[in-house]
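# Understanding the architecture of this molecule
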Amino acid sequence: MTNGSKIEINSTGTQLRFHPGVLLGGEVTHACPVEKSMGWFLEGILPLAAFGKEDLCLRLEGGVTDGLHHEDPSVDYVATSLLPLLKRFGIGNSEGGESSLSSGDRCPLSVKVVRRGAAPLGGGEVVFTCPIVKEIGEPLEMVDVGKIKRVRGTVVSCKIPPSSAARVAHSAKGLLHRLLPDVWIHTDVHSSRKGSSNKKNDMRMVDGGGSGGVGGGGCGPSPGLSVCLAAESTSGTVLVAETCLDASREGRGALLPEDLGVKAAAMLLEEIRKGGCIDTGAQSLALLLMCLGPEDVSRIRVGTLSQYTIVSLRLFKKAFDVEFKVRADEESKTVLLSCLGTGYRNMARAST
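Residues numbered from 1 in each chain as written. Predicted model: local features only at pLDDT ≥ 70, side-chain atom pairs only at ≥ 80, totals over all residues. Heavy atoms only, no water.

## Description of the sheet that holds strand β14 (residues 297-302)
The mixed open sheet is built from 4 strands, whose spatial order is β9-β14-β16-β15. Bordering the open sheet on either side are β9 (141-142) and β15 (325-329), each of which pairs with just one other strand. As judged from the 5 bridges shared by β15 and strand β16 (residues 334-340), these two strands associate in the antiparallel manner. Within the sheet, the bridge partner assigned to Val326 lies in β16 and is Leu337. (Pairing = 2+ DSSP bridges. Helix = DSSP H or I, 4+ residues; strand = E, 2+ residues; numbered from the N terminus.)

## Points about the sheet that holds strand β5 (residues 26-31)
On the basis of which strands lie adjacent, the open sheet formed by 4 strands has the order β5-β6-β8-β7 and mixed pairing. Looking at the sheet topology across the chains shown, the edges are occupied by β5 and β7 (110-115). In this sheet, adjacent strand axes meet at a mean angle of 15 degrees when their direction is disregarded. Pairing between strand β6 (residues 56-63) and strand β8 (residues 124-130): 7 bridges, direction antiparallel. Bridged to Arg59 within β8 is Val127. Strands in contact with helix α1 (residues 38-49) are β5, β6 and β8; relative to β6, the strand with the most contacts, it is inclined by about 165 degrees. (Axes fitted to C-alpha atoms, helices over the stretch in contact; angles between N-to-C directions. Contact = heavy atoms within 4.5 Å.)

## What to know about the nonpolar core
Core analysis: the biggest nonpolar cluster contains 57 residues, and Phe128, Ile300 and Phe324 have the highest contact counts within it. For Ile300, the residues in contact, after removing those within four places along its chain, are Leu140, Met142, Val143, Ile278, Ala286, Leu287, Met290, Val335, Leu336 and Leu337. Grouped together as the second largest cluster of nonpolar side chains are 22 residues, Leu225, Val227, Leu260 and Leu268 included. (Core = buried A, V, L, I, M, F, W, Y, C linked by side-chain atoms within 4.5 Å. Buried < 20%, exposed > 50% of the residue type's maximum accessible area, 1.4 Å probe, protein only.)

## Observations regarding the packing of aromatic side chains
The final tally for this structure, using the stated rule, is 3 aromatic pairs. Consider the rings of Phe51 and Tyr344, whose centres lie 5.2 Å apart with planes at 75 degrees: the pair is edge-to-face. A residue pair is termed long-range when its members are at least 10 positions apart, and Phe51 in the loop between α1 and β6 and Tyr344 in the loop between β16 and α8 (347-350) qualify at 293 residues. (Phe/Tyr/Trp six-rings, centres within 6.5 Å; stacked < 30°, edge-to-face > 60°.)

## Structural notes on the packing of helix α2 (residues 75-88) against helix α6 (residues 283-292)
Two quantities define a packed helix pair, namely the angle between the helix axes and the distance between the axes. Interaxial distance between α2 and α6 falls to 10 Å at its minimum, and their mutual angle equals 15 degrees. Taken together, α2 and α6 sit at an angle that is classed as roughly parallel. Between α2 and α6 lies a crossing whose hand is right-handed. Contact with α2, carried on its side by Leu82, Leu85 and Leu86, involves Leu285, Ala286 and Leu289 of α6 and no other residues of that element. Of the residues that constitute the contact of α2 with α6, the class distribution is 6 nonpolar, no polar and no charged. (Parallel < 35°, antiparallel > 145°, perpendicular 65-115°, else oblique. Left-handed = near helix turned anticlockwise from the far one by under 90°. Nonpolar A, V, L, I, M, F, W, Y, C, P; charged D, E, K, R; others polar.)

## Points about empty space enclosed by the protein
If you walk through the whole model with that rule in mind, you get 2 cavities of 30 Å³ or more. In this structure, the second largest cavity occupies an estimated 40 Å³ of space. What lines the second largest cavity is simply Asp66, Ser74, Asp76, Thr154, Val156, Ser226, Val227, Cys228 and Glu242. Ranked by residue count, the leading element in the lining of the second largest cavity is strand β12 (residues 224-233), at 3 residues. (1 Å grid on protein atoms, 1.4 Å probe; cavity = no way out; pocket = protein on both sides within 12 Å on 5 of 7 lines; lining within 4 Å. Points joined across faces, edges and corners; volume = space filled by probe spheres on them.)

## Describing the environment of Lys317
Note on placement: Lys317 falls in helix α7 (residues 307-320). A relative accessible area of 33% places Lys317 in the partly exposed class. Along the chain, Lys317 and Cys291 lie 26 residues apart, while their C-alpha atoms are 9.5 Å from each other. Once residues lying within four places of it in the same chain are set aside, the contact partners of Lys317 are Val322 and Glu323. Of the polar contacts made by the side chain of Lys317, one reaches the side chain of Asp321; its length is 3.0 Å. (Polar contact = N/O pair within 3.5 Å; in protein donor to acceptor, adjacent residues only side chain to side chain.)

## Here we look at a nonpolar patch on the surface
Where nonpolar side chains cluster on the molecular surface, the patch consists of Ile7, Ile9, Leu16 and Phe18 and spans about 460 Å² of accessible area. Residue position: Ile9 is located in strand β2 (residues 6-9). A relative accessible area of 59% places Ile9 in the exposed class. (Patch = residues over 30% accessible without salt bridge, like charges linked within 9 Å, V, L, I, M, F, W, Y side chains within 5 Å. Areas by Shrake-Rupley, 256 points an atom, 1.4 Å probe, with all protein chains shown as cover. Salt bridge = Lys/Arg side-chain N within 4 Å of Asp/Glu carboxyl O.)

## Observations concerning the packing of α1 against α2
α2 packs onto α1 with a crossing angle of 15 degrees between their chain directions and a minimal axis gap of 9 Å. Taken together, the axis directions place α1 and α2 in an arrangement best described as roughly parallel. Here α1 and α2 pass one another in a crossing that is right-handed. Judged by residue contacts, Met38, Gly39, Leu42, Glu43 and Leu46 of α1 engage Val75, Val78, Leu82, Leu83 and Leu86 from α2. Broken down by class, the residue content of the contact of α1 with α2 amounts to 8 nonpolar, 1 polar and 1 charged.

## Some remarks on the environment of Val28
Within the element layout of this structure, Val28 appears in strand β5. Between the alpha carbons of Val28 and Phe128 there is a distance of 9.8 Å; along the sequence they are 100 residues apart. Setting aside anything within four residues of it in sequence, one finds Val28 in contact with Met1, Leu56, Cys57, Leu58 and Arg59.

## Looking at the pattern of salt bridges
All told, the structure shown has 12 salt bridges when counted by the stated rule. As a salt-bridge pair, Asp329 and Arg301 come within 2.9 Å of each other at their nearest N and O atoms. Of this pair, Asp329 sits in strand β15 while Arg301 is found in strand β14, placing the two residues 28 residues apart along the sequence. Each member of the pair, Asp329 as well as Arg301, is classed as buried. Of the charged contacts, one joins Lys317 and Asp321 as a salt bridge, the two residues approaching to 3.0 Å between their closest N and O atoms. For Asp321, a relative accessible area of 57% translates into the label exposed. Taken together, the shared-partner salt bridges in this structure form one network comprising Lys317, Asp321 and Glu323.

Pasting the structure below:
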């Protein structure tokens, strides 16, 4: 993805010096290790992809598409929570952007799951595309939380009987119906045979406006069960929660599908209780893009600040010299963050 990057490791192996190069973009293929989820790679690439020389078309192969050990985000979480957040900053909007292609061949902002892969053996395949922009045009203003109006979700199973996915969806809906009646959860069942899927649509594209997408390429050799739920509000905000079956700890009946569904629903309700316009996992990306935004005040309302976000704020101070004004809202029990952007411009795009 870059040209001119240098990585230096000292003789004792205790220090690493990284000199970044110019972001190129283009078509890139990477073989992912099974120790990390593909969402972990996408999470780090998202803030970089829009500032390259060309539109990015990234193909990740051989990894895990589900969230791994409840720590790394899944591909479905990236598509449901993070891609709509990028569009809030003007990245990937049809009317905006400075694509390196013609208007008819413009690269969309999307994630497409070609093949599912569960831990521990992986075997998944994901295609991520992102157009480039010259700069983030407008400052962010996300302070209106709104009221939750509907919940959408997807239960994905690999090499597991279809009844297990249906049991997860049924138990999750049973808890969420106490909140509101408009709850719709898909079941997406895959086997290792190529092209096998119980869905009517054999290939779907995720563009940040819906639930998880999946292709008809079967799945990897490992069984897996995961669920991703999204709550949409009247103001257009999306709160997402996800969980998956950890085969190393919860296999062989240690965790029933009903328990997994109730756990996912409870996690989503906890995100709603915290309040805010974005969920906990998207806080760091939103604040980073606010730092790169125009030289104007951007504001966002979040729930409880995670420890990861607090560390990120300190890093943003060192890297961009941007300080956030943090104010607690006692009435709604939320936190308001505001900052003055740096007005970052895509120098790789401007030099061509």
